[in-house]
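Overview (structure and organization)
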Amino acid sequence: MTQKIGFKWVLLLLVIINLTSCSTRVEQGITVTLSGWQSNPNEQQLLQQVLKNFETEHPNIKVKHEVINDQYMDVIKTRLIGDAAPDVFYLDAFEAPLLMKNDVLEPLDNYITKYFELKDFIPAMLKAFRLNGKTYGLPKDFSTLALFYNIKLLNKPPKTWSELLDDSRKLTVDKNSDRRPDQYGFGLAPELSRLYFITKAFGGQLINKKGYAAFASPRGLKGLELIVNQYRQERTSAQPSDVGASNGSEMFGRGQAAMVIEGSWAIPYLKDTFPKIEFATAEVPKINGKKGTMAYTVAYVMNKKAKHKQAAWELISYLTGKEGMKAWAREGLVLPSRKSVLADLGYAKNPLYAPFVAGATYATIWQAGDNLPTILTHFNNQFISALIGEQSLKYAMLKAQNAANKEIQAAN
């Protein structure tokens, strides 16, 4: 009897060992797919190193990383519809409301423990990926906008928009009615993603409570008038295309503009591409007595249909944890969204980065509901038309607002 019992226990032990062995083999075969875009080669190298470190610490999980630079969100949306989306992917705050609303993302709240220290994230950045009390993404980084100025041309930065206009007049070289200046005082980006905070400076709003466009109000137009008047009447500002540049950073680096408003990504770009230019940064000048800037943030999110959700969470938690985030944000392309990492890397004490850090406390997040992509298209098309004088600002913005709302209404 004793021998039979002993034999059963041995047999049971062998079964347990065999099952454990099989389970281990399955775990070792897990692959998590990760998709995102690449802003520059340095970003790719940094991420590859972080992913390599993750795989070393998690030998049972392999990461298949895919870079999608062309029509990124169109690709992701198409794959979500076709059940072929990656397990984990980048999601810009701009696009987040639509995906959160349509229930294609896995809520992360049940995975997050107190040891993850969610309170360490900058509140505004985290809020961009929350809906109805649920957390759908964890911000990997962010950038605000700040003023870049050539210190050989300007001793101290303007603190108000009136001062910026005065400085722009002084810094515009070879101003002539029959040709373009050789150097403009200010380089502008005529896009809603850069102008949103300016529409708010006089009490304007981008959308109303029902999600429809509302930027053509008299208050909203007041801020935009500052931009149009400087460009059309004073001729002390220019957009990049006016001088053959692809963006404001290039325009500034070439010496075609003495001041521009750009994100922190411009710092390493200017240092690498235009090493001779001497520049400094400052907070965006106050408009109507109010501080303002934009903030852009991107999160790691989990596909609701991910095959290995726990493994996907392990990847997200590592990439947005203190160690992974510190490795990722060390080069200054973007700023870490964790307050502790931001402090550890010394960005708030770095003169070039301090204005971007300060701006995070009052910035307008580039997000405004799931109709923002529609509003953006119509705004940009008509604003450019007003900027170059094809139509009045008031008429152009009313035209854009009506067209956007007509499209939104048709889609509802």
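Before going into details, it helps to say that this report is about the structure given with it. Predicted model only: the values in this text are computed from it and were never measured. (Residues numbered from 1 in each chain as written. Predicted model: local features only at pLDDT ≥ 70, side-chain atom pairs only at ≥ 80, totals over all residues. Heavy atoms only, no water.)

1. With respect to the overall build of the protein chain
Helices and strands together make up the secondary structure of the protein chain, namely 16 helices and 13 strands. Seen through its C-alpha atoms, the protein chain measures out along the principal axes to roughly 110 × 50 × 35 Å. Of all 412 residues assigned to the protein chain, the portion counted as buried reaches 52%. Expressed as a percentage of contacts within the protein chain between residues at least 6 apart in sequence, the contacts between residues at least 24 apart total 73%. Accessible area for the protein chain stands at about 20,300 Å²; split by element, carbon and sulfur atoms hold 52% of it. (Helix = DSSP H or I, 4+ residues; strand = E, 2+ residues; numbered from the N terminus. Buried < 20%, exposed > 50% of the residue type's maximum accessible area, 1.4 Å probe, protein only. Contact = heavy atoms within 4.5 Å. Areas by Shrake-Rupley, 256 points an atom, 1.4 Å probe, with all protein chains shown as cover.)

2. Section: the pattern of salt bridges
Scanning the model with the defined rule gives 16 salt bridges in all. A salt bridge links Arg-79 to Glu-66; the shortest N-O distance between them is 2.7 Å. Taken together, the residues span a long stretch of sequence, with Arg-79 in helix 3 (residues 72-81) and Glu-66 in strand 2 (residues 61-67) at a distance of 13 residues. For Glu-66, a relative accessible area of 29% puts it in the partly exposed group. Taking the shortest distance from any N to any O, the salt bridge between Lys-326 and Asp-344 comes out at 3.4 Å. With Lys-326 in helix 12 (residues 322-329) and Asp-344 in helix 13 (residues 339-344), the pair connects residues that are 18 residues apart, well separated along the chain. Overlapping salt bridges, with partners in common, bring together Asp-166, Arg-169 and Glu-234 in one network. (Salt bridge = Lys/Arg side-chain N within 4 Å of Asp/Glu carboxyl O.)

3. Some remarks on the packing of helix 8 (residues 218-234) against helix 16 (residues 393-411)
Where helix 8 meets helix 16, the axes come as close as 11 Å, and the angle between the chain directions of the two elements is 125 degrees. When the axes of helix 8 and helix 16 are compared, the pair comes out oblique. For helix 8 against helix 16, the interelement crossing comes out right-handed. Judged by residue contacts, Leu-221, Leu-224, Glu-225 and Val-228 of helix 8 engage Leu-393, Lys-394 and Met-397 from helix 16. (Axes fitted to C-alpha atoms, helices over the stretch in contact; angles between N-to-C directions. Parallel < 35°, antiparallel > 145°, perpendicular 65-115°, else oblique. Left-handed = near helix turned anticlockwise from the far one by under 90°.)

4. Here's the deal with helix 8
Here helix 8 spans 22 Å end to end across 17 residues, near enough to the 24 Å set by a 1.5 Å rise per residue. Most pronounced at Leu-224, the bend in helix 8 amounts to some 35 degrees. Of the residues trailing helix 8, Arg-235 is marked for its positive phi of about 60 degrees. (Expected span 1.5 Å × (residues − 1). Bend = angle between axes of the 7 residues up to and from the residue.)

5. Concerning the nonpolar core
Counting 84 residues, the largest nonpolar core has Leu-138, Phe-148, Trp-313 and Leu-315 as its most contacted members. Those residues in contact with Leu-138 that lie beyond four places of it in its chain are Leu-108, Ile-112, Phe-116, Leu-118, Phe-121, Leu-126, Val-298, Ala-299, Tyr-300, Trp-313, Ile-316 and Thr-320. With 50 residues, the next largest nonpolar core counts Leu-154, Phe-186, Ile-375 and Ala-386 among its residues. (Core = buried A, V, L, I, M, F, W, Y, C linked by side-chain atoms within 4.5 Å.)

6. Observations concerning the packing of aromatic side chains
The description of an aromatic ring pair uses the distance of the two centres, along with the angle that the planes make with each other. Tallying each qualifying case throughout the model produces 19 aromatic pairs. For the ring pair Phe-94 and Trp-366, a centre distance of 5.3 Å and an interplane angle of 5 degrees mean the geometry is stacked. Placement of Phe-94 in the loop between strand 3 (88-92) and helix 4 (96-101) and of Trp-366 in the loop between strand 13 (364-365) and helix 15 (372-387) is noted, with a sequence separation of 272 residues between them. Overall, Phe-94 belongs to the buried group, its relative accessible area being 12%. (Phe/Tyr/Trp six-rings, centres within 6.5 Å; stacked < 30°, edge-to-face > 60°.)

This is a description of form; function is not addressed.
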